[in-house]
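# Understanding the architecture of this molecule
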Amino acid sequence: MNPDYDQLAQQHGFSKDAVMVMAAAIQRGNGSMAQFNHPELGGQGQWMPGMVSIGDMFNNALKARVQMLAEAVSAEYRQSGGGFTPMTPMQPMQMSQWWVAADLGTPSQVAAQNDSRYAYFQSKNRLVIERSGQLLIYDTEGYTITGAMQQQNNTTGSLIFNTPHGAITEHDLKHLSTQSA
């Protein structure tokens, strides 16, 4: 099932091209997040349920319209069974078990983005992030991590983690230890 781009464009006051850019971004984000770049959508931006950030950051009316468009496209994505065509935002790691130094067993999720990679151990409530030759180990008690993305224009390389209750950063978690990778 493909969204009706013309209808969404008319409903939300954007061009069909802008709606198609948003749909492609949501598809890449597996229906739960999007990174996009289109002038009508405020330039470069990000969306997750309950959060939108656009380049035109002080244009609150545009932010609200972009939020409504993203939510409508995401709803269509979910109603279509999870895809206009199947895609995932991050590819599974196909390399050695770099997290072994943390001695946590087998992770529920492993992914990489830019200069960071993470392994999430849901059964042990642990998250291991490898960055700059260090393993940062966090307690995830109270959170279930469903995906991640890296913050734009962020010199620290901090990751944003998607949870069923909204986005969190690694700084929202209790840091347990730092080890050499």
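Heads up: these notes are all about the structure in this document. (Residues numbered from 1 in each chain as written. Predicted model: local features only at pLDDT ≥ 70, side-chain atom pairs only at ≥ 80, totals over all residues. Heavy atoms only, no water.)

### Regarding helix α3 (residues 60-79)
In a regular helix each residue adds 1.5 Å, so 20 residues correspond to 28 Å; α3 covers 28 Å between its end C-alpha atoms and thus fits that length. Taken residue by residue, α3 has Leu62, Val66, Gln67, Leu69, Ala70, Val73, Ser74, Glu76 and Tyr77 as its buried positions. Of the residues trailing α3, glycine 81 is marked for its positive phi of about 85°. (Helix = DSSP H or I, 4+ residues; strand = E, 2+ residues; numbered from the N terminus. Expected span 1.5 Å × (residues − 1). Buried < 20%, exposed > 50% of the residue type's maximum accessible area, 1.4 Å probe, protein only.)

### With respect to the nonpolar core
Note on soluble globular proteins: their nonpolar side chains tend to be buried together. Counting 22 residues, the largest nonpolar core has Phe14, Met22, Ile26, Phe36, Leu41, Val66 and Leu69 as the members making the most contacts within it. Elements represented by at least two residues in this core include exactly α1 (5-12), α2 (16-28), β1 (34-38), β3 (51-54) and α3. Counting residues in hydrophobic clusters, the runner-up holds 13 residues, among them Ala148, Leu159, Phe161 and Leu173. (Core = buried A, V, L, I, M, F, W, Y, C linked by side-chain atoms within 4.5 Å.)

### Examining the pairing of strand β10 (residues 166-169)
Strand direction decides the pairing type here: strand β9 (residues 159-163) and β10, joined by four bridges, are antiparallel. Across the sheet, threonine 163 pairs through a bridge with glycine 166, a residue of β10. (Pairing = 2+ DSSP bridges.)

Taken by themselves, the reported measurements are silent on function.
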